[in-house]
Amino acid sequence: MADKQISLPAKLINGGIAGLIGVTCVFPIDLAKTRLQNQQNGQRMYTSMSDCLIKTIRSEGYFGMYRGAAVNLTLVTPEKAIKLAANDFFRHHLSKDGKKLTLLREMLAGCGAGTCQVIVTTPMEMLKIQLQDAGRIAAQKKLMAAQAQLSSSSAVGSAEPAVERRTTATQITRELLRSKGIAGLYKGLGATLLRDVPFSIVYFPLFANLNKLGQKDPNVKAPFYVSFLSGCVAGSTAAVAVNPCDVIKTRLQSLQRGVNEDTYSGILDCTKKIWQKEGPMAFLKGAYCRALVIAPLFGIAQVVYFIGIAEFLLDMLPKHRA
């Protein structure tokens, strides 16, 4: 990343601030991505991202688009902080006497960052997906009940459709810990690694090299707009490249299924069933949503990280003490 060495607390604060800003801006698109990826060829509720968001607002209200946002806002700070700081750590230790890193070493640094971040990413995604997809499953059940009611000529006095019981991240966490222990929160760990390690291998070297194109002097940071655009391009490219792994991860981590939807025993079983029943294009479900989420998320992250908000805040502390 930047040549200037930044203290670890500053890296963690910068990463956290970047994550909070980014998630707040793009969370509704991420919700649409999860719902599009999870719907199978049985009962399809949504045809596109815009259709998903419109139907979500109509059935769940405006704040329905932010279901699961609290989990992300809570855990994205350590997640992004670990990811960005770990990449800097590995780049620093892989460099020889401050010389430019080779592409292979840049990829190794990204691999290390992606591996470290899953400590937080896996439980965060696990909880977020349950909350995000709950509205889709509830809407599907209501639609099926309404269709059954209409098709039944003797539907006089038929039962009303069940009202959705909203669960919280805390309730899901307690139930998983009670029934499966800590392993319950880390369901889909292998699929998360399969997504995040290749993502980081692609993203960090691509960002570093794109960002260097905007540096007039190797010892001076690139302008903020260059860092933003570099983060957007690198993020969206890496996001689309690993989207098949993201589809598999989302399916494996979903605890609840819609009507007539498959269950999966592992990565290979999930891959096989998606390929056979939905075709290869199913692995690109939500790809443009993911690109729209990741591009500004990492663009904002890199701007905050490179501007160095944390350095300014930490420099102010001694002055106030004095």
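Coordinates for the structure precede this section.
Let me begin by describing the structure that accompanies this report. (Residues numbered from 1 in each chain as written. Predicted model: local features only at pLDDT ≥ 70, side-chain atom pairs only at ≥ 80, totals over all residues. Heavy atoms only, no water.)

This brings us to the overall build of the protein chain. In terms of helices and strands, the protein chain carries 12 helices and 0 strands. Taken from the N to the C terminus, the helices and strands of the protein chain come in the order α-α-α-α-α-α-α-α-α-α-α-α. Sorting the 322 residues of the protein chain into buried and exposed places 49% on the buried side. Sequence separation of 24 or more characterises 81% of the internal contacts of the protein chain that already satisfy a separation of 6 or more. Here the protein chain displays about 15800 Å² of accessible surface, and carbon together with sulfur accounts for 65% of that area. (Helix = DSSP H or I, 4+ residues; strand = E, 2+ residues; numbered from the N terminus. Buried < 20%, exposed > 50% of the residue type's maximum accessible area, 1.4 Å probe, protein only. Contact = heavy atoms within 4.5 Å. Areas by Shrake-Rupley, 256 points an atom, 1.4 Å probe, with all protein chains shown as cover.)

Taken as a whole, this structure holds 19 salt bridges when the rule is applied. Residue Arg-251 pairs with Glu-278 through a salt bridge whose shortest N-O separation is 3.0 Å. On the criterion of sequence distance, the pair formed by Arg-251 in helix H9 (residues 243-253) and Glu-278 in helix H10 (residues 267-278) is long-range, its members being 27 residues apart. Each of Asp-30, Lys-33, Glu-125, Lys-128, Arg-195, Asp-196, Asp-246 and Lys-249 takes part in salt bridges that share partners, so that together they form one network. (Salt bridge = Lys/Arg side-chain N within 4 Å of Asp/Glu carboxyl O.)

Time to look at the packing of H9 against H10. As a packed pair, H9 and H10 sit with axes 10 Å apart at the nearest point and diverge in direction by 110°. Between H9 and H10, the angle is such that the two are roughly perpendicular. Only Ile-267, Cys-270, Thr-271, Ile-274 and Glu-278 of H10 make contact with H9, whose side of the interface consists of Val-247, Ile-248, Arg-251 and Leu-252. A per-class count over the contact of H9 with H10 returns 6 nonpolar, 1 polar and 2 charged. (Axes fitted to C-alpha atoms, helices over the stretch in contact; angles between N-to-C directions. Parallel < 35°, antiparallel > 145°, perpendicular 65-115°, else oblique. Nonpolar A, V, L, I, M, F, W, Y, C, P; charged D, E, K, R; others polar.)

Under the defined criterion, the tally for this structure stands at 8 aromatic pairs. A centroid spacing of 6.0 Å and a plane angle of 50° characterise the contact between Tyr-62 and Tyr-66, whose relative ring orientation is tilted. Taking relative accessible area as the criterion, Tyr-62 reaches 46% and is therefore assigned partly exposed. On the basis of relative accessible area, Tyr-66 is assigned to the partly exposed category, the value being 24%. (Phe/Tyr/Trp six-rings, centres within 6.5 Å; stacked < 30°, edge-to-face > 60°.)

With that out of the way, let us pick up empty space enclosed by the protein. Enumeration over the complete set of coordinates arrives at 1 cavity of 30 Å³ or more. Approximately 300 Å³ is the volume attributed to the largest cavity. Forming the walls of the largest cavity are 24 residues, and the residues nearest its centre are Lys-80, Glu-125, Arg-290, Ile-294 and Leu-297. Every element with two or more residues in the lining of the largest cavity is listed here: helix H1 (8-38), helix H3 (69-94), helix H4 (103-151), helix H7 (189-212) and helix H11 (287-307). (1 Å grid on protein atoms, 1.4 Å probe; cavity = no way out; pocket = protein on both sides within 12 Å on 5 of 7 lines; lining within 4 Å. Points joined across faces, edges and corners; volume = space filled by probe spheres on them.)

On to helix H5 (residues 169-180), then. Counted at 1.5 Å a residue, the expected span for H5 with its 12 residues is 16 Å, and the 16 Å between its end C-alpha atoms agrees. Where H5 is concerned, the buried positions are Ala-169, Ile-172, Thr-173 and Leu-176. The arc that holds every buried residue of H5, seen down its axis, measures 100°, which confines them to one face. Looking at H5, the residues exposed on the side facing more than 90 degrees away from the buried face are Arg-174 and Arg-178. Downstream of H5 by a residue or two, Gly-181 has a phi angle that is positive, lying close to 75°. (Expected span 1.5 Å × (residues − 1). Arc of directions from axis to C-beta.)

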